[in-house]
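# Remarks on the overall topology
Residue strings, one per chain:
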Amino acid sequence: MPALRCLVVFFALFLSALPAAARSITDAAGRVVDIPDKVERVLAAGPPASVLVYVLAPEKLAGWVREPKAEEKVFLLPATRDLPTFGQLTGKGGTANIEAVLAAKPDIIIDVGTVNPTYASLADKVQAQTGIPYVLVDGAFARTGAMLRETGAILGVAARAETLAAYADERLAALEKGLADIPEDKRPAVYYGRGAEGLETGLAGSINMEILEAVGARNVAAAAGKGGLTQVSLEQILSWKPDVILAALPKFAKTVKDDPLWARLEAVKAGRIHATPTLPFGWIDSPPGINRLIGIAWLEHTLYPDVFPAVLDEEVRAFFKLFYQVELSDEQLATLLKGAAK
């Protein structure tokens, strides 16, 4: 009998030492990555990945790239508000280190956004150093539905992913239908200013400007060429003559309204300056992730109120309930839409 018990214990230990069942996927960079058959814990390499994992499977999110601020936490599920912060693996603001990655003990690492050889090389490097599967997901805004479905399959939450993707597909189809009735000369030239001074913006082709292109607006900074985020001068902005100014921060919106130099723009004279909503994640940018989907409704309301008749309050409530899984109070809704065009 003791021998039998020893044999049972031996086989139990043997089976526990076997690697978890795995499957091979091909990520957006064409890399073949072996991932666990069942993914329970995910580390986001950057902010867009954090938001994507949160909306699909918040219980699988290992932690945040950046700790949410107090005013952001109230719009997130309670169980996720105080998750650990591991820093960012990718992009210019990379702050995470290999020790932090290992300490998170994730089943996989996911990065969402631009896919190019640089990001593929980083993924290979981190995967080799940690032994943790690293998956790249194409985060182009036009692929929102596909991105949700692909990632949902990886995380094992295909049903929820399909629900969210169906919403995204319907939302973008309605946008396209509405834009078809708006002549090119009726579509506004827009300047989107980031930072307290508003002198950082995105050039043509920047992932940060995708949503402006999606709503048919003309990014005036495209006149400065193609690329990503860049610093520009007030003189350049004055020469571009935007019809509308979008401010990523309220401080910049106030600067524009109070500064006599900015007052030379028709957009300022006409009061077409709008601070973009930012809670719990940016609606236009910051990060350029799935969070931008609700920005579509806000931009329709702001830029084309006569074409898109949907009630903004109702759209925001529905989006937050479906994607962020929070029910908004009237007070919270007012906070989100403070300063929104009526």
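Our subject is the structure listed above.
Each residue is numbered by its place in its chain's sequence as written, counting from 1. Selection of residues for local features in this predicted model requires a pLDDT of at least 70, selection of side-chain atom pairs for listing and counting requires 80 or more, and totals for whole chains, interfaces and linings are taken over all residues. The basis for every side-chain value is the complete set of heavy atoms in the structure, and neither hydrogens nor water enter the calculation.

### Here we look at empty space enclosed by the protein
Spelled out, the test is: Here a cavity is any set of points on a 1 Å grid over the protein atoms alone where a 1.4 Å probe fits but cannot get out, and a pocket is any open set with protein on both sides within 12 Å along at least 5 of 7 lines; a residue lines the site when it has an atom within 4 Å of a point. Grid points are joined across faces, edges and corners, and a volume is the space filled by probe spheres set on the points. Numbering of helices and strands runs from the N terminus, with a helix taken as a DSSP run of H or I at least four residues long and a strand as a DSSP run of E at least two residues long. Under the convention adopted here, Pro, Cys and the residues Ala, Val, Leu, Ile, Met, Phe, Trp and Tyr are nonpolar, Asp, Glu, Lys and Arg are charged, and Gly plus all remaining residues are polar.
Taken as a whole and judged by the stated rule, the model has one cavity of 30 Å³ or more. Taken as a whole, the largest cavity spans an internal volume of roughly 40 Å³. Broken down by secondary-structure element, the contributors of at least two residues to the lining of the largest cavity are α13 (293-303) and α14 (312-324). At three residues, the largest contribution of residues to the lining of the largest cavity is made by α13. By residue class, the composition of the lining of the largest cavity is four nonpolar, one polar and three charged.

### With respect to the pairing of strand β5 (residues 134-138)
Residues in a regular strand point their side chains to alternate faces of the sheet. Quick reminder of the rule: Each residue is assigned to one of three classes by its accessible area relative to the maximum for its type, calculated with a 1.4 Å probe on protein chains only: buried under 20%, partly exposed between the two thresholds, exposed over 50%. If DSSP finds at least two bridges between two strands, the strands pair. Whether a crossover is right-handed comes down to one check: with the strands pointing away from the viewer, does the path from the first strand over the helix to the second run clockwise; if it does, it is right-handed.
Counting buried positions over the five residues of β5 gives four, a clear majority of the element. Relative to β5, strand β4 (residues 108-113) runs parallel, the two sharing five bridges. Opposite I109, over in β5, you have Y134 as the bridge partner. Read as a crossover between parallel neighbours, the route from β4 over helix α6 (residues 117-130) to β5 is right-handed.

### Side note on the nonpolar core
Put simply, the rule is: Only buried Ala, Val, Leu, Ile, Met, Phe, Trp, Tyr and Cys residues count toward a nonpolar core, and they belong to the same one when joined by side-chain atoms within 4.5 Å. Contacts between residues were defined by any pair of non-hydrogen atoms, one from each residue, lying within 4.5 Å.
Counting residues in each nonpolar core, the largest one holds 76 residues, and the members touching the most others are V55, L148, L155, V316, F320 and F323. Ranked by the residues each element gives to this core, the list is headed by helix α8 (residues 158-179), at eight residues. If sequence neighbours within four positions are ignored, L155 has contacts with V39, V42, L56, A57, K60, I108 and I110.

### With respect to the pairing of strand β1 (residues 22-26)
Here β1 runs beside strand β2 (residues 32-36); their pairing, made up of five bridges, is antiparallel. If you follow I25 over to β2, its bridge partner there is V33.

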